[in-house]
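Observations on the three-dimensional arrangement
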Amino acid sequence: MTQDIANTLYEMDNLEVLRGINSNSIDLIATDPPFNTQRNRSSSTGHYVDKWKYGDTGKLPDQWKWNEVHPKWLETIQDGHPALYQVIEATKVVQGEDTAAFLCFLSVRLLEMHRILKDMGSIYLHCDHAANAYIRMAMDAIFGKNNFRNEIAWCYTGPGSPKMRQFNRKHDTIFWYCKGKQWIFNKDQVRLPYAQSTIARGKYDSNSPTTGSGFRDTERGKVPEDWWDGFPSGGQMSKQERTGSPDQKPLALYKRIIAASSNEGDIVLDPFCGCATTIIAANDLKRKWIGVDRRKDARYHIITRLMGIDRKERERLEKHATDRKWLDRQMQRYEIHYRTEPPTRTDNQKTAAAELPSVFPVNEEFQMTRQEIHKVLIEEFGPYCWGCNFKAPDPRYLELDHINPKDGKDDYGQHHINNRALLCKPCNSEKGNRMTLPQLRRVNKQKGYMKAGTLIDLSKASEWTWRYLVKRIQEAPHQYNLDD
């Protein structure tokens, strides 16, 4: 039994939607997820309505913290996808816990995307330098390294800072993976003319025999390389196309992707549909589509772009951005479905991954006392220094410190129990507020301060303390800000 979800916008968390879509039902995924830039969205390229905040917690929408990674995410990955788990662990060591948290967020969604793709389906994932190396490893682990097709560099131009002391970063990366041994690639739909200089050199003689389709090589054109230019970005887009979003991608760029890896009537999914570029491209190319976005004005962006109106007219219509009656009328006009509840699977199969509930947004005002945390850590992990493995004859020899330091500038080093460690006085003095605990361990090893025995596994300790914190939330919800 198939699902009637084509041409539908889901205004909610995309993980819930992905988990509700039938297996092997999507032809193409073309998506542009957050880049883990740890910044808020702003733009000077035009008008853009974007009131969304991550998890309704007031946080910036493009940042992640390790203590927000739900234990079930890690359990699902560790138990069912050990290679992916190792990628995330390596990311923690090399790039830091915030990037590892972002990778967890993306990976649990990529696992579902892999499940719902058809056997000949493909995924194109857009990213930049912030995390592309780690995303590539995660996608190798999920889709298989042999199913990697291309690393496409979308090249663009633009001014750089006058204070810049490096080359301008002016390209994004698009990873293309297929699901199976066969995949759709409509090369004749994306061919480009050969350069006149190439033809003039005689490499492609106009008198050469025709191909099987009756065209000479010069008439057919060439299949593009894996570096793409000629697609204007940002303020270089036409006024008609620009929405004002700082994250907007060119419509022609996504039309090339969709034309290459899907056919008319196929279903194209964008789980991070943003300002609707994938949806508009799919609609123009006579594909069906599914879009997901958690912002409250997602419908407005889709509708105004389907209208084909310019930016000034879009600004005039801004008053309708949250007008549900106006939005409902326009959705009917364009035969679009709008949902705020996830789809229900009809393929008579259990959800492939374990249920991954939303993260508990902990109220920062609540803290366990230092004495409570000290006592809990001693009882669970014993009277050992987490920095050098010294076994204290008395728990009072061990002091409470942060795994990641609190630098006073932001909330990188939380006071919660899952960012706490027990240290002997020499280790605490050496670490100060400038080192992480893994850095302290490396210093101790270099200086020969490590004691015999096995150090406490920080990954397992972090998982245990997070479960302990969740349990406290469940037992005393009145002390926490629980919106779910």
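Everything below is about the structure shown above.
Report follows, based on the coordinates. All chains use their own residue numbering, which begins from 1 and follows the written sequence. Totals for whole chains, interfaces and linings use every residue, but because this is a predicted model, local features are given only for residues with pLDDT of at least 70 and side-chain atom pairs only at 80 or more, for both listing and counting. Just so you know, side-chain values use all the structure's heavy atoms and leave hydrogens and water out.

So, unusual backbone geometry
How we decide: Strands here mean DSSP runs of E at least two residues long; helices mean DSSP runs of H or I at least four residues long; both are numbered from the N terminus. Only protein chains enter the area calculation, which uses a 1.4 Å probe; residues under 20% of their type maximum are buried, those over 50% are exposed, and those in between are partly exposed.
The phi dihedral of asparagine 7 falls on the positive side, at around 55°, and the residue is not glycine. With respect to the helices and strands, asparagine 7 occurs in the segment before β1 (8-10). According to the relative accessible area criterion, asparagine 7 is partly exposed, its value standing at 22%. Here asparagine 24, not a glycine, exhibits a phi torsion of approximately 55°, which is positive. Relative to the helices and strands, asparagine 24 resides in the loop between α1 (14-20) and β2 (26-31).

Some thoughts on the side chain of arginine 441
Inclusion rule: Just so you know, the count uses Lys and Arg for positive and Asp and Glu for negative, and it drops His and the chain ends. By definition here, a salt bridge exists when the distance from a side-chain nitrogen of Lys or Arg to a carboxyl oxygen of Asp or Glu is within 4 Å. The criterion used for residue contact is that any of the two residues' heavy atoms lie within 4.5 Å.
Its place among the elements puts arginine 441 in helix α15 (residues 437-447). Salt bridges are absent for the buried arginine 441, whose nearest opposite-charge side chain, aspartate 457, sits at 6.9 Å. Aside from chain neighbours lying at most four places away, what touches arginine 441 is Trp386, Gly387, Met450, Leu455, Ile456 and Leu458.

Overview of the environment of leucine 306
Within the element layout of this structure, leucine 306 appears in helix α10 (residues 298-307). A C-alpha to C-alpha distance of 9.9 Å links leucine 306 and glutamine 330, two positions 24 residues apart in sequence. In contact with leucine 306, other than residues within four places in its own chain, are Ile280, Asn283, Tyr334 and Ile336.

Details of helix α4 (residues 97-116)
What counts, and what does not: What a helix is expected to span follows from its residue count: subtract one and scale by 1.5 Å.
With 20 residues, α4 extends 29 Å between its outermost C-alpha atoms, agreeing within 8% with the 28 Å of an ideal straight helix rising 1.5 Å per residue. Among the 20 residues that make up α4, 19 are buried, leaving the element largely enclosed by the rest of the structure.

Structural notes on the pairing of strand β8 (residues 288-292)
Looking along a regular strand, one sees side chains alternate from face to face of the sheet. For the record, the criterion: By the convention used here, strands pair only if DSSP detects at least 2 bridges between them. Note on handedness: a crossover is taken as right-handed if, strands pointing away from the viewer, the path from the first strand over the helix to the second is clockwise.
Counting buried positions along β8 gives four out of five residues, so the element sits mostly inside the fold. One ladder, built from three bridges, connects β1 with β8; its direction is parallel. Paired with threonine 8 across the strands is isoleucine 290, a residue of β8. For strand β7 (residues 267-270) and β8, the ladder comprises four bridges, and the chain directions are parallel. Following the sheet pairing, valine 268 is matched in β8 by tryptophan 289. Regarding topology, helix α9 (residues 277-284) serves as the crossover connection from β7 to the parallel β8, and that connection is right-handed.

Quick word on the packing of α9 against α10
So the rule is basically this: Here, axes are lines fitted to C-alpha atoms. For helices the fit covers the stretch in contact, and angles between N-to-C directions go from 0 to 180 degrees. Here is the rule for angles: anything less than 35 degrees is roughly parallel, anything more than 145 is roughly antiparallel, 65 through 115 is roughly perpendicular, and the remaining ranges are oblique. By definition, turning the near helix anticlockwise from the far helix through less than a right angle yields a left-handed crossing, and turning it clockwise yields a right-handed one. Under the convention adopted here, Pro, Cys and the residues Ala, Val, Leu, Ile, Met, Phe, Trp and Tyr are nonpolar, Asp, Glu, Lys and Arg are charged, and Gly plus all remaining residues are polar.
Relative to each other, α9 and α10 sit at 40°, their axes nearing to 10 Å. In terms of axis orientation, α9 runs oblique to α10. The chirality of how α9 crosses α10 is right-handed. The residues of α10 that touch α9, namely those facing Thr277, Ile279, Ile280 and Asn283, are Ile302, Arg305 and Leu306. The residue makeup of the contact of α9 with α10, split by class, is four nonpolar, two polar and one charged.

Topic: helix α12 (residues 324-333)
We apply this condition: For this quantity, the arc is that covered by the directions from the helix axis to the C-beta atoms.
Residues of α12 that are buried include every one of Trp326, Leu327, Gln330 and Met331, and no others. Across the axial projection of α12, the buried residues extend over an arc of 135°, all falling on one side. Opposite the buried face of α12, by more than 90 degrees, sit the exposed residues Arg324, Lys325 and Gln332. Its buried side turned inward, α12 meets α10 and β9 (337-339). Just beyond α12, the residue with positive phi is glutamate 335, at close to 55°.

A word on the pairing of strand β10 (residues 398-402)
The element β10 is extensively covered by neighbouring structure, given that four of its five residues are classed as buried. By the bridge criterion, five bridges tie β10 to strand β11 (residues 420-424) in an arrangement that is antiparallel. Residue pairing across strands places leucine 398 opposite cysteine 424, the latter belonging to β11.

Concerning the packing of aromatic side chains
We count it as follows: To pair, rings of Phe, Tyr and Trp, with the six-membered ring standing in for Trp, must have centres within 6.5 Å; the planes then decide the type, stacked if under 30 degrees apart, edge-to-face if over 60, and tilted in the middle. By the criterion adopted, a ring carries a charge over it if an Arg CZ or a Lys NZ lies within 6 Å of its centre and within 35 degrees of its normal.
One pass over the structure, following the stated rule, counts eleven aromatic pairs. A ring pair is formed by phenylalanine 105 and phenylalanine 272, whose centres lie 6.2 Å apart and whose planes are at 55°; its orientation type is tilted. Of this pair, phenylalanine 105 sits in helix α4 while phenylalanine 272 is found in the loop between β7 and α9, placing the two residues 167 residues apart along the sequence. There is no split in this pair, since phenylalanine 105 and phenylalanine 272 are both buried. An angle of 55° between the planes, with centres 6.3 Å apart, marks the rings of tryptophan 228 and phenylalanine 231 as tilted. Look at tryptophan 228 and you get buried, because its relative accessible area is 8%. Three or more aromatic residues joined by ring pairs make a cluster, and in this case those are Phe381, Trp386, Trp464 and Tyr468. A cation sits over an aromatic face here: arginine 149 above tryptophan 183, 4.0 Å from the ring centre.

Notes on a nonpolar patch on the surface
Selection criterion: The patches described consist of residues with a relative accessible area above 30% and no salt bridge, like charges being joined within 9 Å and nonpolar side chains (Val, Leu, Ile, Met, Phe, Trp, Tyr) within 5 Å. Each accessible area value is a Shrake-Rupley result obtained with a 1.4 Å probe; residue values ignore everything except the protein chains displayed when judging cover.
Taken together, the side chains of Trp183, Phe185 and Val223 present a nonpolar region at the surface, about 230 Å² in accessible area. When you line up the elements, tryptophan 183 lands in the loop between β5 (171-178) and α6 (196-200). Under the relative-accessibility criterion, tryptophan 183 is labelled partly exposed at 31%.

Quick word on the side chain of asparagine 418
Here asparagine 418 shows up in the loop between β10 and β11. Residues contacting asparagine 418, with those up to four places away along its chain left out, are Asn67, Ile403, Ser462, Thr465, Trp466 and Leu469.

Let's talk about the nonpolar core
The condition that has to hold: Take the buried Ala, Val, Leu, Ile, Met, Phe, Trp, Tyr and Cys residues and link them wherever side-chain atoms come within 4.5 Å; each set so joined is a nonpolar core.
Ile26, Leu110, Ile123, Ile135 and Met139 are the most contacted members of the largest nonpolar core, which totals 50 residues. Considering every element that reaches this core, the biggest residue donor is α4, with twelve residues. Sequence-distant contacts of isoleucine 26, that is, excluding residues within four places in its chain, are made with Ile21, Ile116, Leu117, Lys118, Ile267, Leu269 and Ile290. The next biggest cluster of nonpolar side chains, apart from the first, holds 40 residues, and it includes Ile174, Val190, Ala281 and Tyr300.

Honestly, that's just the spatial picture; any functional story needs more than this.
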